[in-house]
Amino acid sequence: LKVYPNPFNDLLYFEFSTATDSRVMLELYDLKGSKIRTLFEDRVRGGQLYNVQFMSSELTTGTYYYRLVSDNEVKTGKLVKNY
């Protein structure tokens, strides 16, 4: 999983792949743990690179978290939105 740029202003990119075919969900959360949006939810092919773009104009400046869930793992990380 690669997320860039971080910190970000308007446009945020997520790149990911899985080892095997699986169902994947990518979600964005605020600091309180409330889900803001599901950015991606679909079945993906193992070994294939997927790209998700998110225009963050609706978000205020601050810290956010993402969570990428697949059939066999969960990855999380912190994001910082500048002005």
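Our structure is the block above this text.
1. Remarks on the packing of aromatic side chains
Counted according to the given criterion, the structure contains five aromatic pairs. Residues Tyr 4 and Tyr 13 carry aromatic rings whose centres are separated by 5.3 Å and whose planes lie at 20° to one another, so their mutual orientation is stacked. Residue Tyr 13 is classed as partly exposed on the basis of its relative accessible area, which comes to 25%. Judged by centre distance (5.7 Å) and plane angle (15°), the rings of Phe 16 and Tyr 50 are stacked. Separated by 34 residues along the polypeptide, Phe 16 in strand β2 (residues 11-16) and Tyr 50 in strand β5 (residues 50-55) bring together distant segments of the chain. For the pair Phe 16 and Tyr 50, one class covers both residues: buried. Three or more aromatic residues link up through ring pairs in this structure, and these residues are Phe 16, Phe 40 and Tyr 50. Over the ring of Tyr 4 we find Lys 2; its NZ or CZ atom is 5.2 Å from the centre of that ring.

2. Quick notes on the sheet that holds strand β4 (residues 35-44)
The sheet built from four strands is open, its strands ordered β4-β3-β6-β7 with antiparallel pairing. Since the sheet does not close on itself, it has two edges, and those belong to β4 and β7 (74-81), each with one partner. For this sheet the average axis-to-axis angle between neighbouring strands, irrespective of direction, equals 15°. As paired elements, strand β3 (residues 22-29) and strand β6 (residues 62-69) share five bridges and run antiparallel to each other.

3. Focus: the environment of Asp 21
Residue placement: Asp 21 occurs in the loop between β2 and β3. Along the backbone, Asp 21 and Arg 43 are 22 residues apart, and their C-alpha atoms lie at a distance of 7.2 Å. Each residue touching Asp 21, except ones within four places of it in the same chain, is listed here: Arg 43, Val 44, Arg 45, Gly 46 and Asp 71. A polar contact is formed between the side chain of Asp 21 and the backbone nitrogen of Gly 46, at a distance of 2.7 Å.

4. Comments concerning the pattern of salt bridges
Taken as a whole and assessed by the stated rule, the structure comprises four salt bridges. Here Lys 35 ties to Glu 27 by a salt bridge, and the two come within 3.4 Å at their closest N and O atoms. Connected through shared salt-bridge partners, Glu 27, Lys 35 and Arg 67 make up one network.

Conventions we followed
- Residues numbered from 1 in each chain as written.
- Predicted model: local features only at pLDDT ≥ 70, side-chain atom pairs only at ≥ 80, totals over all residues.
- Heavy atoms only, no water.
- Phe/Tyr/Trp six-rings, centres within 6.5 Å; stacked < 30°, edge-to-face > 60°.
- Buried < 20%, exposed > 50% of the residue type's maximum accessible area, 1.4 Å probe, protein only.
- Helix = DSSP H or I, 4+ residues; strand = E, 2+ residues; numbered from the N terminus.
- Lys NZ or Arg CZ within 6 Å of the ring centre and 35° of its normal.
- Pairing = 2+ DSSP bridges.
- Axes fitted to C-alpha atoms, helices over the stretch in contact; angles between N-to-C directions.
- Contact = heavy atoms within 4.5 Å.
- Polar contact = N/O pair within 3.5 Å; in protein donor to acceptor, adjacent residues only side chain to side chain.
- Salt bridge = Lys/Arg side-chain N within 4 Å of Asp/Glu carboxyl O.

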